[in-house]
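# Report on the structure
Read off the chains here:
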Amino acid sequence: MGEEKVMVQLRSVVLAGGGTGGHIYPLLAFADALRRHFPQIRITTLGSPKGMENQLIPAAGYDLRVIPAFQLPRSLNLDLLRTPDRMYKSTHAAGEVIDEVGAEVVVGFGGYVSVPAYLAAWRREMPIVVHEVNVPPGVANRMGMKFTKRVAVGFPHQLEQAESLRNARLVGVPLRTGITQMDRPALRPQALYHFGLRPDLPVLFVSGGSSGARTINLAVAAAAKRLAHAGIQVLHVQGGRNDPFEVPNDLPVPYVVVPYLSDMQLGYAAADLMLCRGGAITVAETTALGMPAIYVPYPFSNQEQRRNAIPVVEAGGGMLVDNSELTPEWIERNIIPLARDRQRLATMGHAAAGYGRRDGDEQLLRFVLEAVDR
Ligand SMILES: CC(=O)N[C@H]1[C@@H](OP(=O)(O)OP(=O)(O)OC[C@H]2O[C@@H](n3ccc(=O)[nH]c3=O)[C@H](O)[C@@H]2O)O[C@H](CO)[C@@H](O)[C@@H]1O
């Protein structure tokens, strides 16, 4: 972790975050960094009953404590006062876990489960660190920010675009080392073999984020024949919460559909070009890897995904297309020529890498240690 020596020793931390992959993967990457620096540390995570954390956190080998769900209204208003009982139960449960494991700090990554964790930590006057990757900040983290000034963000644009994040620390996004330490060209042959893809044709990697994206799935599947006849292979992640879709089975080149990738790095290693939403962690990963990408921001969440993609596109690292404009015709006109143009892909990838960063886990750890040291 840089040249400075770490003076603080951490023995026990509570990490809170849940819902979709966007809140859980940074938590896991940060947990891995904690374990690297403090092999004996006790790491306890808090999750809610229905979130993806119930699959992802135990699979990564971390202790998950599920506490009763407490859903905040989308905006912080008087509705909060109508649910004091559930809020009390969740906060009490979070506090019991904090006490049992003797946590020294609570680090929250957003998602409803972070709120009771922040409240319980505040009552105990413990250090709280909030990690936020979106503009506007998520509702749970906005609540957390009422209890702490120790707020870390993933991207430079957040500091400029959200008043409440103006004084936050830019640390980047903790990313899994399987992704940040990957040598893409070296892993490529194995990845292609794994998916049954050919080494001589370009690969378009399609992923709508952790839950999947219906519009993207249907548009690309409808363009399957045109892509195949142009010699473009497709590796298509359906997404954890999306319906299956039909792809013709008589295509001349591979079109591989997978429900979900636990080894996302294999997908990145196989890909020449990515077609994806603009979720914050996805953008952090594509740019960290120097992956040329076409971003199709999710249109219904305060423009947050568009804000993530714009700086990458302005740097020359990708293209942006509106959800409503992503049609098979658009794909034929724009993606086919790009996927076949190795020089343009290389230039885009290089520009994306210039925007990306790989040390978010280490930078967040430094920030957390400062919080505990005070
Ligand atoms: C619709 C919506 O509100 N989406 C939000 C959600 O997106 P979402 O939960 O989709 O999160 P992101 O797109 O930011 O990240 C997806 C993560 O899932 C991983 N992955 C994905 C597919 C797969 O098969 N395997 C896999 O491991 C990716 O590598 C990445 O680490 O959280 C993000 C971070 O708060 C927000 O910026 C997004 O706006």
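Keep in mind that this is a model prediction, so the values were computed, not measured.

## A look at the overall build of the protein chain
From N to C terminus, the protein chain includes 16 helices and 13 strands. For a compact globule of 374 residues, the expected C-alpha radius of gyration is about 21 Å, and the protein chain comes in at 21 Å, within 12% of that figure. Along the three orthogonal principal directions, the C-alpha set of the protein chain runs to about 65 × 50 × 35 Å. Looking at the protein chain as a whole, 58% of its 374 residues qualify as buried. Long-range pairs, those at least 24 residues apart, make up 66% of the contacts in the protein chain between residues at least 6 apart in sequence.

## Side note on the site of the ligand
Not every one of the 24 residues close to the ligand is listed here, only the nearest: Thr20, Asn134, Thr282, Glu285 and Glu304. Between the ligand and Arg176 there is a distance of 2.9 Å, counted from an oxygen atom to a side-chain nitrogen or oxygen. Here an oxygen atom of the ligand and a side-chain polar atom of Gln305 are 2.9 Å apart. Sorting the residues of the shell around the ligand by element identifies helix 1 (21–37), helix 12 (280–288) and helix 13 (304–314) as the ones contributing at least two each. Among the residues making up the shell around the ligand, the classes are represented as nine nonpolar, 12 polar and three charged. Viewed by domain, the shell around the ligand spans two of them, domain 1 (12–175 + 358–373) and domain 2 (178–355), each represented by three or more residues.

## Some words on the domain arrangement of the protein chain
Under the domain assignment used here, the protein chain contains domain 1 (12–175 + 358–373) and domain 2 (178–355). The distance between the C-alpha centroids of domain 1 and domain 2 comes to 29 Å. Each partner contributes to the interface: domain 1 provides 21 residues, whereas domain 2 provides 19 residues. Buried surface at the junction of domain 1 and domain 2, summed over both partners, amounts to about 1,800 Å²; 58% is from carbon and sulfur atoms. The interface formed by domain 1 and domain 2 holds zero salt bridges in total.

## Side note on the packing of helix 1 against helix 16 (residues 360–373)
Running from N to C, helix 1 and helix 16 point in directions that differ by 70°, and their axes come no closer than 9 Å. It follows from the interaxial angle that helix 1 and helix 16 lie roughly perpendicular. Like other packed secondary-structure pairs, helix 1 and helix 16 cross with a definite hand, here right-handed. Across the interface between the two elements, Ala29, Phe30, Ala33, Leu34, Arg36 and His37 of helix 1 pack against Asp361, Glu362, Leu364, Leu365 and Val368 of helix 16. Within the contact of helix 1 with helix 16, the residues separate by chemical class into seven nonpolar, one polar and three charged.

## Structural notes on the pattern of salt bridges
Counting across every chain of the model gives 17 salt bridges. With a shortest N-O distance of 3.0 Å, Glu100 and Arg65 are connected by a salt bridge. Residue Glu100 is located in helix 3 (residues 84–101), and its partner Arg65 is located in strand 3 (residues 63–66); the two are separated by 35 residues in the primary sequence. Among the charged side chains, a salt-bridge network with shared partners connects Arg42, Asp63, Arg65 and Glu100.

## Structural notes on the packing of aromatic side chains
With the rule as written, the count across this model stands at four aromatic pairs. Ring centres of Phe30 and Phe109 lie 6.1 Å apart, and the angle between their planes is 50°; this geometry places the pair in the tilted category. A residue pair is termed long-range when its members are at least 10 positions apart, and Phe30 in helix 1 and Phe109 in the loop between strand 4 (105–108) and helix 4 (114–123) qualify at 79 residues. With relative accessibility at 1%, the residue Phe30 sits in the buried group. Measuring from ring centre to ring centre gives 4.8 Å for Trp122 and Phe147, while their planes differ by 25°; the resulting arrangement is stacked. With Trp122 in helix 4 and Phe147 in the loop between helix 5 (139–144) and strand 6 (151–153), this residue pair connects regions lying 25 residues apart in the sequence. A relative accessible area of 22% means that Phe147 is categorised as partly exposed. One cation-aromatic arrangement involves Arg176 over Tyr25; the distance from NZ or CZ to the ring centre is 3.7 Å.

## Examining the sheet that holds strand 4
One open sheet holds the seven strands; their spatial order is 3-2-1-4-5-6-7, and the pairing between them is parallel. Among the strands making up the open sheet, the edge pair consists of strand 3 and strand 7 (169–170). Where strand 1 (residues 12–16) meets strand 4, four bridges bridge the pair, whose relative direction is parallel. Each residue of the ladder has a partner; that of Val13, found in strand 4, is Val105. In this fold helix 1 packs onto strand 1, strand 2 (42–47) and strand 4, with an angle of close to 170° to the strand it touches most, strand 1. Sitting on the sheet, helix 16 touches strand 4, strand 5 (128–132), strand 6 and strand 7, and the angle it makes with strand 5 is about 155°.

Conventions we followed
- Residues numbered from 1 in each chain as written.
- Predicted model: local features only at pLDDT ≥ 70, side-chain atom pairs only at ≥ 80, totals over all residues.
- Heavy atoms only, no water.
- Helix = DSSP H or I, 4+ residues; strand = E, 2+ residues; numbered from the N terminus.
- Rg over C-alpha atoms; globule rule 2.2 N^0.38 Å.
- Buried < 20%, exposed > 50% of the residue type's maximum accessible area, 1.4 Å probe, protein only.
- Contact = heavy atoms within 4.5 Å.
- Near = heavy atom within 4 Å.
- Polar contact = N/O pair within 3.5 Å; in protein donor to acceptor, adjacent residues only side chain to side chain.
- Nonpolar A, V, L, I, M, F, W, Y, C, P; charged D, E, K, R; others polar.
- Domains from an automatic or database assignment.
- Buried area = accessible area lost by both parts, 1.4 Å probe.
- Salt bridge = Lys/Arg side-chain N within 4 Å of Asp/Glu carboxyl O.
- Axes fitted to C-alpha atoms, helices over the stretch in contact; angles between N-to-C directions.
- Parallel < 35°, antiparallel > 145°, perpendicular 65-115°, else oblique.
- Left-handed = near helix turned anticlockwise from the far one by under 90°.
- Phe/Tyr/Trp six-rings, centres within 6.5 Å; stacked < 30°, edge-to-face > 60°.
- Lys NZ or Arg CZ within 6 Å of the ring centre and 35° of its normal.
- Pairing = 2+ DSSP bridges.

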